[in-house]
Amino acid sequence: MYTKGGRSIFIVDGHVHFWDGSPANQLNRNGDGWIRCFYDYHKNLSPQEYVWPLELYQKYPEERMMRDLFEEGYVDVAIFLPTNLKDFYKKGFNTIEQDGVLKEKHPDKFILNGSFDPRDEAEGLKKFEQEVRRYNVKGVKLYTAEWKGSSKGWKLTDPWARRYLDRCVELGVLNIHVHAGPTIWPLNKDAFDVAPVDEVATAYRDAGLRFIVEHCGLPRIEDFCWIAVQEPNVYAGLAVVMPFIHARPRYFAEVMAELLWWVGEDRLLFASDYALWSPKWIIDKFMAFEIPADLKEQVGVNLTLEGKRKILGLNAAKLYNIQVPVTA
Amino acid sequence: MTVSGTPVENTLTEEEVWATLRTVIDPELDRSIVDLGFVHDVKVSGTDVRVELRLPTYWCAPNFSWLMVADAREAILALPGVGRASVELVDHHAAAEVTEAVNAGRSFQEAFAEHATGGLEDLRRTFRRKAFLVRQERVLCSLGHPAPADLTLKDLPSTPEAQAYLAIRAELGLDCSPGAPVVTDAEGRAVQDVNAHLRHARLVRISLESNTALCRGLFDARYGEQEASGGSR
């Protein structure tokens with residue numbers, strides 16, 4: 001809970017990891033390349049005093065995570081989004097099993113999401129169902145650029161992906177977090193293009209699926225906004241965008257103004273992407289943030305305390321049926 | 001053995017190579033790879049040119065990375081006095097595949113046969129169209145708000161924004177005559193709803209600029225601030 005001047009704000013961190021990117025777990029140079037790439041994101045956008053040494057960043061203890069999120073970081077509930085990367089890491093990077101350890105110790109603090117890979121076909125579908133039942137999963141994280149053998153990725157519109165989405169509907173797994181990465185099949189297309197989200201969002205709207213596009217489609221915010229305007233069941237996860245507030249405040253303001261205009265404050269979800277960044281400083285700065293006067297006028301939007309409340313917690317609480325205390 | 005009137009060898013300079021690389025752009029960011037700091041090293045030895053490119057992340061998309069390496073090689077080979085040109089991509093997940101294939105003169109489709117359904121021309125065109133919108137929006141912003149909808153090319157001042165816009169109009173084969181309208185879509189067609197068009201163009205500009213800021217920051221985090229040269233931010 002963020003509390004200041006008698007106001008309490010309920011915080012849901014919409015995207016956190018408990019990863020192991022340590023050299024001992026790396027399977028090949030792609031594992032090293034992956035965690036170093038994350039580390040550059042961390043160094044690039046974090047305030048100096050929040051930059052970790054690489055060794056800690058590669059693998060952090062659970063006490064550190066609990067402190068950064070729940071003691072210092074104001075977070076009430078955090079949502080785990082697994083990223084498996086079994087082709088880069090021996091035990092995977094951030095798997096449901098790793099996250100599940102913390103979920104079982106702190107059931108009220110975490111929401112544990114699952115994931116699926118349509119290339120696992122029928123066998124994967126069975127495993128997915130077991131995971132959903134075992135962990136009472138209500139959402140999935142889909143990383144379409146995941147490498148698997150010789151494959152460099154998959155598409156949400158693939159026939160097997162549709163079968164998995166059908167099963168999500170049947171199992172009540174309604175929150176579909178989509179993360180586009182640098183590769184996909186086929187490689188000659190723009191891998192960051194979020195057009196496949198458009199297609200499945202339309203197809204599964206009546207069935208109740210919600211598509212949360214992580215880092216709001218960045219680096220294709222324009223394509224994302226275009227889709228979100230037309231599809232009421234498409235949401236923006238604000239991971240990666242939020243930390244711009246420190247290092248690139250003007251761009252943060254411009255992007256936020258656009259998101260408010262195109263998508264609206266009811267469909268934006270705060271996320272730190274921990275341990276990419278720590279929630280404390282992001283939330284402090286976001287609470288102090290105002291849309292600059294020139295953008296208010298040009299874009300025609302405002303960000304009120306009520307809007308911040310929705311973005312920081314209430315929107316995610318609705319999607320995941322999280323009980324919000326009456327004091328917040 | 002200097003004989004007047006015969007071509008002198010070793011006239012190619014590193015400066016010429018740098019100058020030609022300055023015309024090669026990152027298709028995603030519509031900005032010179034030299035300004036972005038991606039050209040790490042240029043070596044000229046006789047008629048041989050060797051260039052090293054490095055990018056903001058190990059995971060920069062392989063298709064855009066390919067375009068930069070291939071465009072750089074093509075630009076160097078077009079310089080008079082160049083015999084062999086080798087452009088090496090380093091510190092990248094597809095460094096070996098891209099470097100080997102581009103310098104052997106193979107196409108993207110050949111190099112990634114198993115993973116591709118075509119060449120990269122559609123991708124390139126999509127991003128030229130985005131760059132067109134961004135450049136148009138920039139020139140209109142530079143004129144102050146709101147720009148009149150019936151503005152023609154002859155009304156544009158001779159500013160860098162206007163020149164950049166005229167250059168991409170010419171590149172896309174659009175009408176560049178003095179009476180041509182400034183506000184058109186990327187196919188040169190008249191725009192029905194100018195306000196909606198400009199709102200979308202602004203969104204594309206903000207997306208491109210924030211992406212550029214992110215890429216620059218990642219490059220700095222990876223290689224140190226002193227390495228990036230040029231640029232306006």
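Every value quoted in this text rests on a predicted model; they were computed, and no experiment measured them. (Residues numbered from 1 in each chain as written. Chains lettered and ligands numbered in written order. Predicted model: local features only at pLDDT ≥ 70, side-chain atom pairs only at ≥ 80, totals over all residues.)

## Let's talk about the overall build of chain B
And then number 1: The secondary structure content of chain B amounts to 7 helices and 5 strands.
And then number 2: Start at the N end of chain B and walk to the C end: the helices and strands fall as α-β-β-β-β-α-β-α-α-α-α-α.
And then number 3: Each principal axis of the C-alpha distribution contributes one length, and for chain B these read about 65 × 50 × 40 Å.
And then number 4: Taken across its 233 residues, chain B has 38% of its residues classed as buried.
And then number 5: A fraction of 63% describes how many contacts in chain B between residues 6 or more apart in sequence connect residues 24 or more apart. (Helix = DSSP H or I, 4+ residues; strand = E, 2+ residues; numbered from the N terminus. Buried ≥ 20, exposed ≤ 12 C-beta atoms within 10 Å, placed from the backbone. Contact = placed C-beta atoms within 7 Å.)

## So, the overall build of chain A
And then number 1: Helix and strand counts for chain A come out as 13 helices and 10 strands.
And then number 2: Over its C-alpha atoms chain A spans a radius of gyration of 19 Å, differing by no more than 12% from the 20 Å that the globule rule assigns to 328 residues.
And then number 3: Judged by the C-alpha coordinates and their principal axes, chain A covers about 55 × 45 × 40 Å.
And then number 4: For chain A, the residues scored as buried account for 53% of the 328 residues in total.
And then number 5: Taking the contacts inside chain A whose residues are at least 6 apart along the sequence as the reference set, 76% of them involve residues at least 24 apart. (Rg over C-alpha atoms; globule rule 2.2 N^0.38 Å.)

## Let's talk about helix H8 (residues 221-230) of chain A
And then number 1: Counting buried residues in H8(A) gives 7 out of 10 residues, a clear majority hidden from the surface.
And then number 2: Listed in full, the buried residues belonging to H8(A) are Ile221(A), Glu222(A), Asp223(A), Phe224(A), Cys225(A), Ile227(A) and Ala228(A).
And then number 3: Tucked into the core, H8(A) has its buried residues touching helix H7 (195-203), strand S8 (210-213), strand S9 (234-237) and helix H10 (249-262) of chain A together with helix H7 (194-223) of chain B.

## Brief notes about the interface of chain B and chain A
And then number 1: Contact residues are listed per partner, giving 32 residues for chain B and 31 residues for chain A.
And then number 2: Of all the elements, H7(B) adds the most residues to the side of chain B that touches chain A, at 13 residues.

## Things to note about the sheet that holds strand S10 (residues 268-269) of chain A
All names here are of chain A.
And then number 1: Read across the sheet, 5 strands follow the order S6-S7-S8-S9-S10 without closing on themselves; strand pairing throughout is parallel. Here the strands that pair on one side only, and so sit at the sheet edges, are strand S6 (139-143) and S10.
And then number 2: Pairing between S8 and S9: 3 bridges, direction parallel. The partner of Phe-211 across the bridge, within S9, is Val-234. (Pairing = 2+ DSSP bridges.)

## Side note on the sheet that holds strand S5 (residues 110-112) of chain A
All names here are of chain A.
And then number 1: An order of S3-S4-S5 is seen for the 3 strands of this open sheet, with the pairing classed as parallel. With one partner strand each, in any of the chains shown, strand S3 (12-16) and S5 form the two edges of the open sheet. Neighbour-to-neighbour, the strand axes of this sheet turn through a mean angle of 20°, independent of strand direction. (Axes fitted to C-alpha atoms, helices over the stretch in contact; angles between N-to-C directions.)

## Details of the environment of Leu125(A)
Residues and elements named next belong to chain A.
And then number 1: Residue placement: Leu-125 occurs in helix H5 (residues 121-135).
And then number 2: Spatially, the C-alpha atoms of Leu-125 and Arg-167 are 8.3 Å apart, while their sequence positions differ by 42 residues.
And then number 3: In this structure, Leu-125 is in contact with Arg-163, Tyr-164 and Arg-167, ignoring residues within four places of it in sequence.

## A short note on the domain arrangement of chain B
All names here are of chain B.
And then number 1: Assigned domains within chain B: domain 1 (14-111) and domain 2 (121-223).
And then number 2: Summarising the inter-unit geometry, the C-alpha centres of domain 1 and domain 2 are found 26 Å apart.
And then number 3: Grouping the constituent residues of the side of domain 1 that touches domain 2 by class yields 5 nonpolar, 3 polar and 4 charged. (Domains from an automatic or database assignment. Nonpolar A, V, L, I, M, F, W, Y, C, P; charged D, E, K, R; others polar.)

## Quick notes on helix H11 (residues 279-288) of chain A
And then number 1: Within H11(A), burial applies to Pro279(A), Trp281(A), Ile282(A), Ile283(A) and Phe286(A).
And then number 2: Buried-residue contacts for H11(A) involve strand S1 (2-4), S3, helix H3 (62-71), helix H9 (244-247) and helix H13 (305-319) of chain A.

## Some points on the packing of H10(A) against H7(B)
And then number 1: Axis separation between H10(A) and H7(B) bottoms out at 10 Å; the angle between their running directions is 145°. The chirality of how H10(A) crosses H7(B) is left-handed. Note on element contacts: H7(B) touches H10(A) through Leu203(B), Ile206(B), Glu209(B), Ser210(B) and Ala213(B), opposite Tyr251(A), Glu254(A), Val255(A) and Glu258(A).
And then number 2: Looking at the contact of H10(A) with H7(B) residue by residue, the classes come out as 5 nonpolar, 1 polar and 3 charged. (Left-handed = near helix turned anticlockwise from the far one by under 90°.)

## Looking at the environment of Tyr235(A)
Residue and element names in this part refer to chain A.
And then number 1: Relative to the assigned elements, Tyr-235 resides in strand S9.
And then number 2: Residue class for Tyr-235 comes out buried when judged on the 27 C-beta atoms lying within 10 Å of it.
And then number 3: Discounting residues that sit within four places of it in the chain, Tyr-235 has contacts with Arg-210, Phe-211, Ile-212, Arg-267 and Leu-269.

## Considerations on the nonpolar core
And then number 1: In this structure, Ala236(A), Ile33(B), Leu53(B) and Ala72(B) are the most contacted members of the largest nonpolar core, which totals 166 residues.
And then number 2: Looking at which element gives the most residues to this core, the answer is H7(B), with 11 residues.
And then number 3: Mapping this core onto the domain boundaries places at least three of its residues in each of domain 1 (14-111) and domain 2 (121-223) of chain B.
And then number 4: In this view, Ile33(B) contacts Leu21(B), Val24(B), Ile25(B), Asp26(B), Phe38(B), Val39(B), Leu53(B), Met68(B) and Ala72(B); residues no more than four positions away in its chain are not counted. (Core = buried A, V, L, I, M, F, W, Y, C linked by C-beta atoms within 7 Å.)

## What to know about unusual backbone geometry
Residues and elements named next belong to chain A.
And then number 1: The amide bond that connects Trp-185 to the next residue, Pro-186, takes the cis arrangement and shows omega of -5°.
And then number 2: Its place among the elements puts Pro-186 in the loop between strand S7 (175-179) and H7.
And then number 3: Look at the link from Leu-218 to Pro-219: it is a cis peptide, with omega at 15°.
And then number 4: Of note, Leu-85 is a non-glycine position whose phi angle comes to about 50°, a positive value.
And then number 5: By the secondary structure assignment, Leu-85 is in the loop between strand S4 (77-80) and helix H4 (96-105).

## A short note on the confidence of the model for chain B
Residue and element names in this part refer to chain B.
And then number 1: Mean pLDDT over chain B stands at 92; residues scoring 70 or higher make up 91%.
And then number 2: With pLDDT under 50 throughout, residues 226-233 is counted as low confidence; its partners more than four residues away or in other chains account for 12 contacts.
And then number 3: With a pTM of 0.95, the predicted complex shows an ipTM of 0.95. (pLDDT = per-residue confidence, 0-100.)

## Describing the pairing of strand S5 (residues 84-90) of chain B
Residue and element names in this part refer to chain B.
And then number 1: In S5, alternate side chains face the same way, and those of Ala-85, Val-87 and Leu-89 are buried while those of Arg-84, Ser-86, Glu-88 and Val-90 on the opposite face are not.
And then number 2: With 7 bridges connecting them, strand S4 (residues 48-54) and S5 associate as parallel partners. Bridging from a neighbouring strand, Arg-50 pairs with Ser-86 of S5.
And then number 3: Note on the crossover from S4 through helix H2 (residues 62-77) to S5: the handedness is right-handed. (Right-handed = clockwise from strand over helix to strand, strands pointing away.)

## Side note on the pairing of S6(A)
The side chains of a regular strand alternate, residue by residue, between the two faces of the sheet.
Residue and element names in this part refer to chain A.
And then number 1: Counting buried positions along S6 gives 5 out of 5 residues, so the element sits mostly inside the fold.
And then number 2: In S6, alternate side chains face the same way, and those of Gly-139, Lys-141 and Tyr-143 on one face and Val-140 and Leu-142 on the other are all buried.
And then number 3: Both S6 and S7 contribute to a ladder of 5 bridges, which runs parallel. Note that in S7 the partner of Tyr-143 across the bridge is His-179.
And then number 4: In this region the chain leaves S6, passes through helix H6 (residues 159-171) and returns to the parallel neighbour S7; the handedness of that crossover is right-handed.

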